[in-house]
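Descriptive structure summary
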Amino acid sequence: MIKTIRWVDDAVVMIDQRVLPHREEYLTCRDYQDVVSAIKTMAIRGAPAVGIAAAMGIALGFSAVSVHTEKDQKTYFCRICDDLSKTRPTAVNLFWAIERMKRCFEKSLPSGVDSVKKALKEEAIKICREDIEANREMGRRGRDFIKDGASILTHCNAGALATGGYGTALGVIRAAREEGKNIHVFVDETRPVLQGARLTAWELKKENIPATLIVDNVAGSLMREGRIDLVIVGADRIAANGDTANKIGTYPLAVLAAENNVPFYVAAPTSTIDRGVRHGDDIPIEERSADEVLGVYGTKIAPDRTVVFNPAFDVTPNRYIKAIITETGVATPPFDESIDKLFHD
Ligand code: MRU
């Protein structure tokens, strides 16, 4: 099993996704600032994995606290949370995890600093464990959408590497495969950071799931030729009405899927749903460095000083989405109602 992120002794250890697939190296974070930097530089990425990293970062940061008054502990704790909250703006799992750690902190505070340290560490490990369980449940709920012999298109990496383990969209694909279904996955390379080429292709190869890597521009003609049976992707933030932010390039895929009558599915844990955001226009979209576009692996591909626009995510309007697969149920249109139900049943 791929070990995306773990608590080991007094450190947080994560597979360094910047150097995959060529090198399998592990990054040891001994200080919460190491975690801040790992998230910013995408050593760890993918919405649920970023949330887990933030939770472990908070526990790690607070484990170093030596102040004793509750007031000082609170100040220190808030500084850690604040630094982690500024790492990446789009994936709501980050903020969800910080809020959960804040509740754990408040609850354990009256029991003394050592109890707080212990409680935070346990909570972070629990968030990771629950995420893996949620992914497996999504797999069970989503695998029926994949028929034997299906040809599937996916974008970016929504696999074990993007989560505590197993994966969301890739988890559903894994679950279909585990049932013995004969499937084939087309993997979008996912410019500019190449999560598809570097990470999804690597995961599928490890699992012996038949896959073909394509450049992002190929998806449309494959769909028009009838060679894709379904599209399944993960999500970084889902609004209350089902509008879904995911890796840049997801929206055009959804439009192409609608044009070609190909069902388009989203798989994500309920921690990715932000009911505080009513529709997709209110989801903050991260813009990343021009360097990601100007070069590949340190080789320049555009003239110096070329102006670049590099949004990391886009929003797919709910009307293009056939179903949102979560661990508590499968939401279908109209999403305002079905998403609400995911939190009440
Ligand atoms: O910029 P990234 O690599 O963090 O973006 C990741 C994605 O867009 C994934 O599709 C999404 O987080 C779902 S991961 C289960």
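Rules and cut-offs
- Residues numbered from 1 in each chain as written.
- Predicted model: local features only at pLDDT ≥ 70, side-chain atom pairs only at ≥ 80, totals over all residues.
- Heavy atoms only, no water.
- Helix = DSSP H or I, 4+ residues; strand = E, 2+ residues; numbered from the N terminus.
- Rg over C-alpha atoms; globule rule 2.2 N^0.38 Å.
- Buried < 20%, exposed > 50% of the residue type's maximum accessible area, 1.4 Å probe, protein only.
- Contact = heavy atoms within 4.5 Å.
- Lys, Arg positive; Asp, Glu negative; His and termini not counted.
- Charge placed at Lys NZ, Arg CZ, Asp CG, Glu CD.
- Core = buried A, V, L, I, M, F, W, Y, C linked by side-chain atoms within 4.5 Å.
- Near = heavy atom within 4 Å.
- Polar contact = N/O pair within 3.5 Å; in protein donor to acceptor, adjacent residues only side chain to side chain.
- Areas by Shrake-Rupley, 256 points an atom, 1.4 Å probe, with all protein chains shown as cover.
- 1 Å grid on protein atoms, 1.4 Å probe; cavity = no way out; pocket = protein on both sides within 12 Å on 5 of 7 lines; lining within 4 Å.
- Sits in = over half its atoms within 2 Å of the grid points.
- Nonpolar A, V, L, I, M, F, W, Y, C, P; charged D, E, K, R; others polar.
- Domains from an automatic or database assignment.
- Salt bridge = Lys/Arg side-chain N within 4 Å of Asp/Glu carboxyl O.
- Expected span 1.5 Å × (residues − 1).
- pLDDT = per-residue confidence, 0-100.

1. Some thoughts on the overall build of the protein chain
Each helix and strand counted, the protein chain has 11 helices and 16 strands in total. Here the protein chain has a C-alpha radius of gyration of 20 Å; the compact-globule value for 345 residues is 20 Å, and the two agree. Relative to its 345 residues, the protein chain shows a buried fraction of 56%. Nonlocal contacts in the protein chain, meaning residues at least 24 apart in sequence, comprise 74% of its contacts between residues at least 6 apart. The distance from the centre of the 45 positive side-chain charges to the centre of the 48 negative ones in the protein chain is 2 Å.

2. Structural notes on the nonpolar core
By size, the foremost hydrophobic cluster in this structure holds 43 residues, and its most contacted members are Phe 62 and Leu 120. Among the elements of the structure, β1 (5-8), β2 (11-15), α1 (32-40), α2 (47-63), α3 (70-85), α4 (92-108) and α5 (113-142) are those that each provide at least two residues to this core. Broken down by element, this core gets its largest block of residues, 11 residues, from α2. Once you skip the residues sitting within four places of it in the chain, Phe 62 turns out to touch Gln 73, Tyr 76, Phe 77, Ile 80, Phe 105, Val 113, Val 116, Lys 117 and Leu 120. Counting 26 residues, the second largest nonpolar core, distinct from the first, contains Ala 219, Val 233, Leu 253 and Phe 264.

3. Let's talk about the site of the ligand
Among the 19 residues in the neighbourhood of the ligand, the closest are listed as Arg 45, Arg 88, Asp 236, Asn 246 and Lys 247. Asn 246 places a polar side-chain atom, nitrogen or oxygen, 2.7 Å from an oxygen atom of the ligand. In the complex, the protein chains occlude 99% of the 410 Å² of accessible area that the ligand would expose alone. Cavity membership is defined here by more than half of the atoms lying within 2 Å of grid points; on that basis the ligand lies in the largest cavity. Within the shell around the ligand, the residues separate by chemical class into eight nonpolar, seven polar and four charged. Looking at which domains feed residues into the shell around the ligand, each of domain 1 (5-136) and domain 2 (142-342) gives three or more.

4. A short note on the pattern of salt bridges
By the definition in use, this model includes 22 salt bridges. Between Glu 123 and Arg 100 there is a salt bridge; the shortest N-O distance is 2.9 Å. With a gap of 23 residues between them, Glu 123 in helix α5 and Arg 100 in helix α4 connect regions that are remote in the sequence. According to the relative accessible area criterion, Glu 123 is buried, its value standing at 16%. Residue class for Arg 100 comes out buried when judged on its relative accessible area of 11%. Of the charged contacts in the structure, one is a salt bridge between Lys 300 and Asp 304, with a shortest N-O distance of 3.0 Å. Accessibility expressed as a relative area gives 49% for Asp 304, which makes it partly exposed.

5. A short note on helix α7 (residues 195-206)
Look at α7: 16 Å from first C-alpha to last across 12 residues, which is about the 16 Å you get at 1.5 Å a residue. Tucked inside the fold, the buried residues of α7 contact β2, β4 (151-154), α6 (169-178), β5 (184-188), β6 (211-214) and β9 (244-247). Asn 208 lies just past α7 and shows a positive phi near 55°.

6. What about the confidence of the model for the protein chain?
For the protein chain, the average pLDDT comes to 97, and 100% of its residues sit at 70 or higher. Averaged pLDDT values for the elements of the protein chain fall to 94 in strand β12 (residues 295-296) and rise to 99 in strand β10 (residues 264-267).

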